[in-house]
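If you want the building blocks of each chain, they are given just below.
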Amino acid sequence: MVNLTIDGKQITTAKTSTIYEAAKENGIYIPVLCYAKKLLPYGACRICLVEVEQMKGRLIPSCTTPVTEGMVVTTTSDEINKVRKTVLEFLLVNHVVDCPVCDKGGECDLQDLTYEYEVVTNRFQGEKFDLPTDEVNPLIERNMNRCVLCGKCVRVCDEVVGYGSYSFINRGFETKIATAFDRGLNCEFCGQCVSMCPVGAILPRPFKFKARPWQLKDVDTVCGYCGNGCTVTLGVKDNQVQTIRFNEDTGVNHGNLCVRGRFGYSYVNDATRLTKPLIRKGGELREASWDEALVTIAEKFKAAGKDLGIISGARLTNEELLLLKRISSALGTHHLDHSGGECYQGLTAGLNETMGISASTGTFPQVEKCNAILAIRSDFYETHPVFGMVINQAIRLNDAQLSVIADKRGKLSKLPNARTLMHKPGCEINMINALCQVIIAEGLAKTDDLQGLAELTKALADYTPETVAKMVGADAEAIKKTARELAGAKNAAIVVAYGLPYTAHSKEIAIAASNLALLTGIAGREGSGLYLCGEKANSQGAIDLQITPGPAGLGAQQMLNSAAEGRLPVLYLVGEDPVVTYPDQGLVKKALEKSFLVVQDLFLTDSAKYADVVLPAASFTEKDGTFTNAERRIQRLRAGIKSPGEAKSDFVVFQSLLNKLQKTAPAAPAAAFGELTGEVAGYAGIVYEQIGPQGEVWGGETLAPLKKVLIPVAGNEPLQAEYQLLVGSALYHSGSVSTRSKGPMSVCPEPYIELGRDDAVTLNVKTGDMIQLKAAGVTIQSKAKVDNRLPKGVIFAPYHFAGLGLNRIYTGQSVIAVEPSKL
Amino acid sequence: MFKEFAKGLSITLKHLLPGHSTTVEYPKQRLEIAPRFRGLHRLVPAQDREKCVACYLCPTVCPAKCITVESEENEKGEKYPRVYEIDLLRCIFCGYCVEACPVEAIEMTSAYELANFKRGDFMYDKARLLKS
Ligand code: SF4
Ligand code: SF4
Ligand code: SF4
Ligand code: SF4
Ligand code: SF4
Ligand code: FES
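Since we're looking at a predicted model, the values are computed, not measured.

Cut-offs used in this document
Residues numbered from 1 in each chain as written. Chains lettered and ligands numbered in written order. Predicted model: local features only at pLDDT ≥ 70, side-chain atom pairs only at ≥ 80, totals over all residues. Heavy atoms only, no water. Helix = DSSP H or I, 4+ residues; strand = E, 2+ residues; numbered from the N terminus. Buried < 20%, exposed > 50% of the residue type's maximum accessible area, 1.4 Å probe, protein only. Contact = heavy atoms within 4.5 Å. Domains from an automatic or database assignment. Buried area = accessible area lost by both parts, 1.4 Å probe. Salt bridge = Lys/Arg side-chain N within 4 Å of Asp/Glu carboxyl O. Nonpolar A, V, L, I, M, F, W, Y, C, P; charged D, E, K, R; others polar. Pairing = 2+ DSSP bridges. Near = heavy atom within 4 Å. UniProt positions renumbered as here; feature names shortened; annotations may be inferred.

## Some details on the side chain of B:Lys126
Residue and element names in this part refer to chain B.
- Inspection of the secondary structure puts lysine 126 in helix α4 (residues 126-131).
- On the basis of relative accessible area, lysine 126 is assigned to the buried category, the value being 18%.
- Once you skip the residues sitting within four places of it in the chain, lysine 126 turns out to touch Leu43, Glu50, Tyr80, Pro81, Arg82 and Tyr84.

Okay, structure coming up:
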């Protein structure tokens, strides 16, 4: 700790603080322009100059100067103000000052400072900038005439996102921010640069001329897409979400979002949203009243009783899931499930068997402080981009060593310090086993109170790095290095994502990963952690609330099997579109056709077209409640807009249904949460109203394993086929709902089949050509995309698009043998 | 006492003589309007559009909240008011809008004969304000 005086106030602060941070902590205001909390100090703008007694004779930039013992700082004086005013005058010499048509007007740092320092005239003359602007990009508008060269965009895209779109080009007065070769942007479109720019030089294009910042109502809620659980702040006007606002004070994402969270909001105001219940009459879906629909459903449900199958989505709030559970128990059915391919088995079965828990053991802020990180499956960045940014921060700030067990290269492989452990598709477990083998063989394991070490050691005899390397085409030395790093690191993290496109071996992968986490001592150690991250916004909540089959119940896939055979008369789908997203489309369609189907969703989805009753539901922006994210953080959603037409939130629908079943239901989400804390282990003691802006992590920052059992799992034989298809996620999409959002669709508008360079040459295919994949007698066709991240023989397709019909050949395999051909 | 009374009355009578009245015979006769009079608003036209750039400052400053602006992007990528409307029944003719406008796109004219028959007729939309 260091003692210093700022404006006569005695202050004690951390040794690592800068003068600015020390002042801010103590409520002393110093203006800044190029400073940002989440970026490294830079010192470009000189607006934050202060006077330090010990360094008399010149002014000191407070945002880059560390505090020292006994420092005496003055933050305002006539001289300082004069200098600050001069700095502003300099900035305004070339600045275009088109505030009336600049969307930043009203929340522009330059505007605010100009006002504060009363810069009404300018002693200096100069030419105004007249640079070309980029207004064609669908998501990010750039107007460098308004740039103040603070470098925040350059820094955030490099330090946080790890993409590096921008840099300063030219020199002196000509200096400007530009992309490589000064071309258009072609990046992740996460919009971090948009949120960082203190002026109107980088703006969200979809918000162009829509409203002024002061007209927007800010509503703090949680992103409805993935399990990362980023907090977002909706900018609401005229019952529409106009934009997503920058807010770094809530959640643990420091205001960082991905393209889906920042630009994927338009579906909530889409004109094709369902607004009235529909009932099938005379073979057609016709509008009906809520009462009629609910009566019909209640009758059917009661008649079906224990033969009702309920498949829920993982984007319902915890409170809604609680009511859904109530409905299932009121009807006596055990057939309750979420996420079609039982991809969550890793958590419910895998982690439970080895450690007796079913959640990630650490929290995101701990990952930032890790020294070694292992990502299993290269898609991790694509499914959980903001967690990917946390990993990037660990690398930048902490020099962490990242290893990626991957069947294809991805964003993570490109980060500095990244070591990609490439292997043949479907062989993740072999790789993890090899890591475990090295740790045991080299005596690096932390074996205290581990059960089953002998069996595991024996079973791993076949998994020496050399054998595995040979079998799956990996690099044995790299495996050894990674194993040693993980075992030796003070803090380490293992991250795995699960979701609909990765249904195969999810339990086995989780067990293998827990073995590794136990051997390295990562699981349960303060600062380290094993992270199993669900694909959807409330995947963890669904696990915590056990939206899983009861003792005599069928899982989602079995329900569909059963329904297809006519043994399950009634199916209730809440917020799921299995026709598009579940494995084995043929089976799904048959099941939906055969059963009396009730679908509750935002849109008339492909699955809803088979329904007998369709209920219009509410999006995440229209409801209150809580989501639990992949690090067990319970965060509050707040309604920002009203649902269109007669659409109702799932909570209200479930309430009415419970009433129709002569059962009582909690009156509001807050009451439901109260009941929930009594039923869900770990949630006890958490009070809805007290869940703060940073949320509430159940089970504490570090969740200790209840047991430590090592279980041997066998690896897989690589598939012997010339061409192998991997199914996965694209960065710009999450599930299928993002394909109804303008933002993601403007940068990734259609399905594609991705090929590596070598295969493209062999097949004579170029980006944009139509190609066809044939597997088990079924063909799918799409445009090709040629890239250099896939090894020879490996083909990739994202699963989000209905148009591709990928699940006609994807039936839950980890990898599919296909025959590609050019059309 | 009578003297004072006669004196007072004579002043009154003097004013009754022709040429001494301050009342004008409106509408036949009209007073000259002061140059800073605040009457009906006018949107100033520019070359091929209105001068207004839809900055939202006038609706923000308006104490009667009677100005509606809805901005949009035109084919040239410029910001323009797709909707610009003033509800004259609510307007208090304070002139703040004129003062706030950064581009001098709105003025107040000398027109004060604004009576009308229907409520709707007091809604002045963009086309009307451009012509007024
Ligand atoms: S960046 Fe700020 S100062 Fe510059 S035109 Fe926009 S609002 Fe005005
Ligand atoms: S959108 Fe994201 S990736 Fe693209 S330039 Fe901005 S910060 Fe970088
Ligand atoms: S574009 Fe914005 S963030 Fe980037 S340097 Fe210019 S002012 Fe700073
Ligand atoms: S999609 Fe996931 S990573 Fe992206 S903003 Fe939403 S919660 Fe965050
Ligand atoms: S202040 Fe002027 S430019 Fe702005 S909206 Fe009003 S009339 Fe238009
Ligand atoms: S804020 Fe300190 S130099 Fe810019």
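## Looking at the domain arrangement of chain A
- Taken domain by domain, chain A comprises domain 1 (2-76), domain 2 (125-266), domain 3 (278-339 + 541-686), domain 4 (346-535) and domain 5 (724-822).
- The C-alpha centroid of domain 5 of chain A is placed 53 Å from the C-alpha centroid of domain 1 of chain A.

## Let's talk about the interface of chain A and chain B
- Counting from both sides, the interface comprises twelve residues of chain A and, opposite them, twelve residues of chain B.
- Counting the surface lost from both chain A and chain B, the interface buries some 930 Å², and carbon and sulfur atoms represent 57% of this.
- Of all residues in chain A, the largest losses of buried area upon contact with chain B belong to A:Pro100, A:Phe209 and A:Trp214, amounting jointly to 56% of the total for that side.
- At the boundary of chain A and chain B, one finds two salt bridges.
- In this structure, A:Lys208 and B:Glu73 form a salt bridge, with 3.9 Å as the shortest nitrogen-oxygen distance.
- Across the side of chain A that touches chain B, the residue classes tally to four nonpolar, one polar and seven charged.

## A word on the pairing of strand β18 (residues 401-406) of chain A
Residue and element names in this part refer to chain A.
- Within β18, six of the six residues are buried, which leaves it mostly tucked inside the rest of the structure.
- With five bridges joining them, strand β17 (residues 372-376) and β18 adopt parallel strand pairing. Each residue of the ladder has a partner; that of isoleucine 376, found in β18, is isoleucine 405.

## With respect to unusual backbone geometry
- Between B:Tyr26 and the following residue, B:Pro27, the backbone shows a cis peptide bond with an omega angle of 5°.
- Within the fold, B:Pro27 resides in the loop between α1 (2-16) and β1 (41-43).
- One non-glycine residue with positive phi stands out, namely A:Asp238, at about 55°.
- Relative to the assigned elements, A:Asp238 resides in the loop between β11 (231-237) and β12 (240-245).
- What makes A:Asp238 exposed here is its relative accessible area of 58%.
- Despite not being glycine, B:Tyr56 has its phi angle at roughly 70°, a positive value.
- Relative to the assigned elements, B:Tyr56 resides in the loop between β1 and α2 (57-61).
- Owing to a relative accessible area of 3%, B:Tyr56 belongs among the buried residues under this scheme.

## Focus: the pattern of salt bridges
- Considering all chains together, one arrives at 45 salt bridges over all chains under this definition.
- Measuring nitrogen to oxygen at the nearest pair gives 3.2 Å for the salt bridge that ties A:Arg245 to A:Glu107. Of this pair, A:Arg245 sits in strand β12 while A:Glu107 sits in the loop between α2 (78-94) and α3 (109-116), and the two are 138 residues apart along the sequence.
- The residue A:Arg484 makes a salt bridge to A:Glu442 at a minimum N-O spacing of 2.9 Å. A residue pair is termed long-range when its members are at least 10 positions apart, and A:Arg484 in helix α17 (residues 476-488) and A:Glu442 in the loop between α14 (428-441) and α15 (453-459) qualify at 42 residues.
- Of the residues examined, A:Glu442 reaches a relative accessible area of 35% and is grouped as partly exposed.
- Via salt bridges that share partners, A:Glu135, A:Glu141, A:Arg205, A:Lys208 and B:Glu73 belong to a single interconnected network.

## What to know about the sheet that holds strand β5 (residues 123-124) of chain B
All names here are of chain B.
- Strand order in the open sheet made by the three strands is β2-β3-β5, with antiparallel pairing throughout. Edge positions in the sheet fall to β2 (67-73) and β5, since each has one partner strand and no second.
- Pairing analysis gives seven bridges linking β2 to strand β3 (residues 79-87), with the strands arranged antiparallel. Residue serine 71 lies in a different strand from β3, and its bridge partner there is proline 81.

## Details of the site of ligand 5
- In the vicinity of ligand 5, the contacting residues are B:Cys52, B:Val53, B:Ala54, B:Cys55, B:Tyr56, B:Cys58, B:Tyr84, B:Cys101, B:Pro102, B:Val103 and B:Ile106.
- A class-by-class count of the residues in the shell around ligand 5 yields eleven nonpolar, no polar and no charged.

## Thoughts on the UniProt feature "domain: 4Fe-4S Mo/W bis-MGD-type" (unreviewed entry) in chain A
- As annotated in UniProt, the feature "domain: 4Fe-4S Mo/W bis-MGD-type" (unreviewed entry) corresponds to residues 216-272 of chain A in the numbering used here.
- With 9% helix and 33% strand, residues 216-272 of chain A has its two end C-alpha atoms placed 24 Å apart.

## Observations concerning the UniProt feature "binding site: [4Fe-4S] cluster 1" (unreviewed entry) in chain B
Residue and element names in this part refer to chain B.
- With numbering matched to this structure, UniProt assigns "binding site: [4Fe-4S] cluster 1" (unreviewed entry) to Cys52, Cys55, Cys58 and Cys101. In three dimensions, the annotated residues from a span of 50 residues occupy one location, with a maximal C-alpha spread of 10.4 Å.
- Here cysteine 52 lies in the loop between β1 and α2.
- Those residues in contact with cysteine 52, other than ones at most four positions away along the chain, are Leu43, Pro81, Tyr84 and Ala105.
- Its location among the elements puts cysteine 58 in helix α2.
- The exposure class of cysteine 58 is buried, given its relative accessible area of 11%.
- For cysteine 58, the residues in contact, after removing those within four places along its chain, are Ile67, Val69, Tyr84 and Cys97.

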